[in-house]
Amino acid sequence: MKLPTSRVFFRPPPGRVIARPTFAKPQFTAHSIRRHNSTAQTGSTGGSRLLNFVYGSTLVLGLGIIFVYVTDTRASVHRYVVIPALRWIYPDPEEAHHAANQVLRSLWDFGLHPRERGDPDKVGDLEVEVFGRIIRNPIATSAGIDKHADIPDPLFASGPAIVEIGGTTPLPQPGNDKPRVFRLTSQQAIINRYGLNSEGADHVAMRLRDRVRKFAYRLGLGHDAAAEHAVLDGIAGVPPGSLTPGKLLAINIAKNKTTPEDDVDAVTKDYVYCVNTLGPYADILVVNVSSPNTPGLRSLQQGDKLQKILTGVVDAARLVDRKTRPAVMVKVSPDEDSDAQIAGICDAVWAAGVDGVIVGNTTNLRPAPIPHLGNLSPLEEQHLLETGGFSGPHLFDKTLSLVKRYRKLLEQKPVELEPVPQPPSALQAEAAKIKNELASESGPKEDSTPDTVTTSVDTGVIPPTPVAEEMSSEKQPLFKLPQERFYDKPQEDQDSLEGVNSAPVDSPGEQQSQTERLRAIQAAIERLPPRDQRDALENLEEPIHLASNDEPKVIFATGGITNGKQALDVLNAGASVAMVYTALVYGGVGTVSRIKDEMRTEMRRQAEERRSKSQK
């Protein structure tokens, strides 16, 4: 038996150092070390660079794809992610609205805003003529989306041809107490009682003035009053309000809450002040007499009151210091729908010389829920009891009906409003006799043409009359494929339009004003290089005069329009433009693009049906 051996550890006594054997270290040449290190470093560096390049390229490509997707209005993220997120973060709808506008404004400043990519309107299949101008499509955003002119350009970038800002009052006013906006999410509807909260006409005009001057500065015209007037007078070849070819800017104006509605003169002064202040920056001025949230405002739709107010607005619009005056429209309520009320409004429109009517606004009524949208929650049932104007898809049928009724009364000027011809006086008869004698002595004229001012000419500004369509066996749609659009006219018809709207002889004061404007334009043009000066002079447009008061009035439709088929329905009923509000609130910034795509799909479907019927 072998006993286990114990391991004994030897510990040297303190202070004594034990010598250890030394071993020879392997010797390597410096050259071999450098070659080894160099090879390893080169391989690792090259691989690292390649890997970093791949990572960086992937990151840039991914961010680019995300940027293009998120900034495209057709991205579903705007409707199904952004809007629900806003509702979750901001339970108060007004706070959500303000936050969304601030984000859009900031994104615009940095060039990161959503936009309609691909320019789908360039094919011209949705073009319409409004107030003598061809606009790119018949879709507009209603007032209330941009109350204070914070985001007109981001809204234009989202696809509509017309953006309406406001309503704007002469003096700033806070509106009604909060909370004043209530969601009915299950019904895609809203109840609001804002009460025309406004920063005031001067503040909004200052913001629009700065916008025009920035535009002039980008063109190289400068940033002063001369550059501003040059742009407003058409030196850039764009509408003075929208500053975008084929698009128009509308400004909604209203009276202050403290102005008594019974004092028609004071009310008229409120509207005229807004015209004088905001008119230079508007393509369209919208007289709002239909908001349900300002006490007594809808009483201004009575015929005699309305006519006086509209006459004052039209007269003030004609004096706007600009080559082309803004068009004037009046926005009417869907609740004043009796035959007498509609007839009174239309008579006032004809008598005052207003250019068009916006049919529809929010309603004081509470429509029944739409079954397929869902059931009201207990909170939404409480919201239905709140006072304010209701807006949502429930209003579409009413809007469609009102458009048809207004079209019949705005198609032709009433006979009772036509001027009655007076028999010539003795002096006039003698003058005519002398004129005839002089004409006979000088011999007959070679050519005799009718007076173009009194000749009735179909300008194509609005679609054919619904009355005539109802008499025909098959109603023709307003929108057809490009080669069949209603406003395409032969060249001889276009030639016959020349001279219809001849400008009247200017008074000495108007001539002096025109001279000052021409000097301002000349001063702005002299700042440009020679080639740019020539381009600017070519872009400088002649004054465009609106249709005479004897021609049919333009109709915009707003209220419950949420998809392309509904937009086509109101257009075929006699409207020139379909406006959206609540659909934009629930559908996000891509709503206009979606509606236009649906319009094109529906147009193709209808064209295919007509083609099939014709083949049978």
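Model, not experiment: these values are computed from the prediction.

## Observations concerning the overall build of the protein chain
The number of helices and strands found in the protein chain is 19 helices and 13 strands. Burial statistics for the protein chain: of 616 residues in total, 46% are counted as buried. Long-range pairs, those at least 24 residues apart, make up 77% of the contacts in the protein chain between residues at least 6 apart in sequence. Of the accessible surface of the protein chain, which amounts to about 33000 Å², a share of 57% is contributed by carbon and sulfur atoms.

## Quick look at the pairing of strand E7 (residues 248-253)
Burial of E7 is extensive: 6 of the 6 residues sit out of reach of the surface. Along E7, one buried face is formed by Leu248, Ala250 and Asn252 and the opposite face, lined by Leu249, Ile251 and Ile253, is buried too. Sheet topology note: the strand E4 (residues 162-168)/E7 ladder contains 5 bridges and is parallel. Residue Glu164 lies in a different strand from E7, and its bridge partner there is Ala250. In this structure, E7 lies alongside strand E8 (residues 284-288), joined through 4 bridges in parallel fashion. Paired with Ile253 across the bridge in E8 is Val287. Since E7 and E8 lie parallel, the crossover through helix H7 (residues 264-278) that links them has a hand, and here it is right-handed.

## What to know about the sheet that holds strand E6 (residues 189-192)
Taking strand neighbours across the sheet as the criterion, the 3 strands line up as E5-E6-E11 in an open arrangement whose pairing is antiparallel. Both outer strands of the open sheet, strand E5 (181-184) and strand E11 (389-391), are each paired with one neighbouring strand and no more. The mean angle between the axes of side-by-side strands here comes to 20°, regardless of whether they run parallel or antiparallel. Sheet analysis places E6 next to E11, joined by 3 bridges and oriented antiparallel. Bridged to Ile190 within E11 is Ser391.

## Describing the packing of helix H17 (residues 564-572) against helix H19 (residues 591-615)
With their axes 7 Å apart at the nearest point, H17 and H19 run at an angle of 70° to one another. Judged by the inter-axis angle, H17 sits roughly perpendicular to H19. As for how H17 packs across H19, the hand of that crossing is right-handed. Where H17 approaches H19, its residues Gly564, Lys565, Ala567, Leu568 and Leu571 are matched on the opposing element by Ile595, Glu598, Met599, Glu602, Met603 and Gln606. A per-class count over the contact of H17 with H19 returns 6 nonpolar, 2 polar and 3 charged.

## Examining the pattern of salt bridges
Applying the stated criterion across every chain, the model contains 30 salt bridges. For Glu608, the salt bridge is made with Arg611, and the minimal N-O distance between the two is 2.7 Å. Here Arg611 and Glu608 lie together in helix H19, a separation of 3 residues that amounts to about one turn. Salt bridges linked by common partners bring Arg74, Glu116, Asp121, Asp125, Lys596, Asp597 and Arg600 together as one network.

## Quick notes on the packing of aromatic side chains
For the coordinates displayed, the defined rule picks out 1 aromatic pair. Judged by centre distance (6.3 Å) and plane angle (50°), the ring pair of Phe131 and Phe556 falls under tilted. Residue Phe131 is found in the loop between strand E1 (128-130) and strand E2 (133-135), and its partner Phe556 is found in strand E12 (residues 554-558); the two are separated by 425 residues along the sequence. For the pair Phe131 and Phe556, a shared accessibility class is recorded, and that class is buried.

## Re the confidence of the model for the protein chain
The predicted model of the protein chain averages 80 in pLDDT, with 71% of residues at 70 or higher. Confidence over residues 444-506 falls short of pLDDT 50; this stretch has 92 contacts with residues more than four positions distant or in other chains.

## Overview of the UniProt feature "transmembrane region" (unreviewed entry) in the protein chain
Mapped onto the present numbering, the UniProt feature "transmembrane region" (unreviewed entry) falls at residues 50-70 and 573-595. Here residues 50-70 is 100% helix and 0% strand, with 30 Å between the C-alpha atoms at its ends. Taken end to end, residues 573-595 is 48% helix and 17% strand, and its first and last C-alpha atoms sit 18 Å apart.

## Regarding the environment of Pro114
In this fold, Pro114 is placed in the loop between helix H3 (93-109) and E1. Along the sequence, Pro114 and Val589 sit 475 residues apart, while their C-alpha atoms lie 7.4 Å from each other. Those residues in contact with Pro114 that lie beyond four places of it in its chain are Thr71, Thr73, His78, Leu104, Leu107, Ala157 and Val589.

## Section: the nonpolar core
Among the nonpolar cores identified, the biggest contains 88 residues, and Leu208, Tyr271, Val287, Val330 and Tyr406 are the most heavily contacted of them. Residues Phe131, Ile135, Leu248 and Ala327 belong to the second largest nonpolar core, which totals 18 residues.

Rules used in this analysis
Residues numbered from 1 in each chain as written. Predicted model: local features only at pLDDT ≥ 70, side-chain atom pairs only at ≥ 80, totals over all residues. Heavy atoms only, no water. Helix = DSSP H or I, 4+ residues; strand = E, 2+ residues; numbered from the N terminus. Buried < 20%, exposed > 50% of the residue type's maximum accessible area, 1.4 Å probe, protein only. Contact = heavy atoms within 4.5 Å. Areas by Shrake-Rupley, 256 points an atom, 1.4 Å probe, with all protein chains shown as cover. Pairing = 2+ DSSP bridges. Right-handed = clockwise from strand over helix to strand, strands pointing away. Axes fitted to C-alpha atoms, helices over the stretch in contact; angles between N-to-C directions. Parallel < 35°, antiparallel > 145°, perpendicular 65-115°, else oblique. Left-handed = near helix turned anticlockwise from the far one by under 90°. Nonpolar A, V, L, I, M, F, W, Y, C, P; charged D, E, K, R; others polar. Salt bridge = Lys/Arg side-chain N within 4 Å of Asp/Glu carboxyl O. Phe/Tyr/Trp six-rings, centres within 6.5 Å; stacked < 30°, edge-to-face > 60°. pLDDT = per-residue confidence, 0-100. UniProt positions renumbered as here; feature names shortened; annotations may be inferred. Core = buried A, V, L, I, M, F, W, Y, C linked by side-chain atoms within 4.5 Å.

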